[in-house]
Amino acid sequence: EDNMPEPKKKAEGDFDIFITNTIYPEAATIFTHNLRSLDDIKKDCYIVIDTNALLVPYSIGKESLEQIERTYQSLVKENRLFIPGQVAREFARNRASKITELFQQLNRKRNGAQGMQRGKYPLLESFDEYQDSVRIEAEIDKLLQKYRDSLGKVLEHVRGWTWNDPVSMLYSRLFSKETIFDIIIDKDNLREDLNRRHIHSIPPGYKDAAKEDEGIGDLLIWHTILQIGKQHQKSVIFVSGDEKSDWWHKSESQALYPRYELVDEFRRESNGGSFYIIPFSRFLDLYGASEEVVQEV
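Residues numbered from 1 in each chain as written. Predicted model: local features only at pLDDT ≥ 70, side-chain atom pairs only at ≥ 80, totals over all residues. Heavy atoms only, no water.

## Some thoughts on unusual backbone geometry
Step number 1: Here Pro203 and Pro204 are connected by a cis peptide whose omega angle stands at -5 degrees.
Step number 2: Structurally, Pro204 is set in the loop between helix H9 (187-200) and helix H10 (216-232).
Step number 3: Positive phi values are uncommon outside glycine, yet Ser201 reaches one of about 55 degrees.
Step number 4: Along the chain, Ser201 turns up in the loop between H9 and H10.
Step number 5: Positive phi, normally seen in glycine, also occurs at Glu214, with a value near 60 degrees.
Step number 6: Looking at where Glu214 falls in the secondary structure, it is placed in the loop between H9 and H10. (Helix = DSSP H or I, 4+ residues; strand = E, 2+ residues; numbered from the N terminus.)

## Concerning the side chain of Gln67
Step number 1: Take Gln67: it is sitting in helix H5 (residues 62-77).
Step number 2: Excluding anything up to four places from it in sequence, Gln67 contacts Ala289, Ser290 and Val293. (Contact = heavy atoms within 4.5 Å.)

## Section: the sheet that holds strand E2 (residues 81-84)
Step number 1: On the basis of which strands lie adjacent, the open sheet formed by five strands has the order E3-E2-E1-E4-E7 and parallel pairing. The open sheet terminates on both sides in strands that have one partner only, identified here as strand E3 (180-181) and strand E7 (275-278).
Step number 2: Both strand E1 (residues 46-49) and E2 contribute to a ladder of two bridges, which runs parallel. Paired with Val48 across the two strands is Phe82, which belongs to E2. (Pairing = 2+ DSSP bridges.)

## So, helix H7 (residues 128-159)
Step number 1: With 32 residues, H7 should cover 46 Å at 1.5 Å per step; its first-to-last C-alpha distance of 46 Å lies within 8% of that length.
Step number 2: Within H7, the full set of buried residues consists of Tyr130, Glu137, Asp141, Arg148, Leu151, Gly152, Leu155 and Val158.
Step number 3: Buried residues along H7 sit in contact with helix H6 (85-112). (Expected span 1.5 Å × (residues − 1). Buried < 20%, exposed > 50% of the residue type's maximum accessible area, 1.4 Å probe, protein only.)

## A look at the packing of H6 against H10
Step number 1: At a minimum axis separation of 8 Å, H6 and H10 run at an interaxial angle of 140 degrees. The pairing of H6 with H10 is recorded here as oblique in orientation. On H10, the residues that touch Gln86, Val87 and Glu90 of H6 are Gly217, Leu220 and Ile221.
Step number 2: Split into classes, the residues belonging to the contact of H6 with H10 amount to three nonpolar, two polar and one charged. (Axes fitted to C-alpha atoms, helices over the stretch in contact; angles between N-to-C directions. Parallel < 35°, antiparallel > 145°, perpendicular 65-115°, else oblique. Nonpolar A, V, L, I, M, F, W, Y, C, P; charged D, E, K, R; others polar.)

## Considering the confidence of the model for the protein chain
Step number 1: For the protein chain, per-residue confidence averages 89 on the pLDDT scale, and residues scoring 70 or more make up 93% of the total.
Step number 2: Contacts of residues 1-12 to residues separated by more than four positions or lying in other chains number two contacts, the stretch itself having pLDDT below 50. (pLDDT = per-residue confidence, 0-100.)

## Section: the environment of Ile221
Step number 1: Of note, Ile221 is situated in helix H10.
Step number 2: The exposure class assigned to Ile221 is buried, which follows from its relative accessible area of 1%.
Step number 3: The contact partners of Ile221, leaving out residues within four places of it in the chain, are Asp50, Pro84, Gln86, Val87, Glu90 and Phe238.

## Topic: a nonpolar patch on the surface
Step number 1: A contiguous nonpolar patch, built from Phe15, Ile17 and Phe18 and spanning about 360 Å² of accessible area, is present on the exposed surface.
Step number 2: Checked against the element boundaries, Ile17 lands in the segment before helix H1 (19-23).
Step number 3: Classification of Ile17 as exposed rests on a relative accessible area of 67%. (Patch = residues over 30% accessible without salt bridge, like charges linked within 9 Å, V, L, I, M, F, W, Y side chains within 5 Å. Areas by Shrake-Rupley, 256 points an atom, 1.4 Å probe, with all protein chains shown as cover. Salt bridge = Lys/Arg side-chain N within 4 Å of Asp/Glu carboxyl O.)

## Let's talk about a negative patch on the surface
Step number 1: A surface patch of like charges, here negative, comprises Glu63, Glu291, Glu292 and Glu296.
Step number 2: With three residues, the top contributor of residues to the negative patch is helix H13 (residues 291-296).
Step number 3: Here Glu292 shows up in helix H13.
Step number 4: By relative accessible area, Glu292 is classed as exposed at 60%. (Lys, Arg positive; Asp, Glu negative; His and termini not counted. Charge placed at Lys NZ, Arg CZ, Asp CG, Glu CD.)

What follows is the structure, encoded as structure tokens:
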């Protein structure tokens, strides 16, 4: 016990002993606010898409991609779908890694498709069954070579992608300047807010404090969501696969429901709006995608 390190002490004045009053400034609404259900808000709320949801289509099939396009199209047409500026920037940074993963998997399949282990067994040449096996080996070798050649052409196709891969082309058809919601930021105020959230473990972003950006990405997305709620006075559904505990209340390592601090902060900014976080598959199900597509996603 004598050798145990002392707990880190926060600098004097850093921790606000009245922080709960700041997080929940309107105590009465804790009991009186009516959080509307997803089914109740889905027809008139705004949808905000996270980076991880934008990257999902790189791992699914053509039919699912078509249904995703139809789902997005209707929401874009109604001006109810937004991509935060930070999400667009993160997509630009992460898109290449998804294509790299695809190329790697295809290349390994191609390299793994080697020919049969051939060998000569003169003693067996008088057996018809052995002659059949030799012929089958030759056929398999031809098919494997054809398979490798075919995969080679696919790899060349992938190698030639710039911003014309199927997913990027889909988004170029769907998203415009009106879809991208890019907030004007005051860097000093944002750093101060990030620091406050780190010190007091206020969601979101504090779980990413060890990252190079210290969690500023999540906070930028959150400020965008707050701005959408404030500007449009509407509920928001955030489509995200992030399950860290600075977004979710969790039990048994499972995400249960959004952190109440987020729900309450959004309510105040949006004048009573409701806030939900749902995974991409639940989003597709909510807006009418087929069960097969939802299961694949």
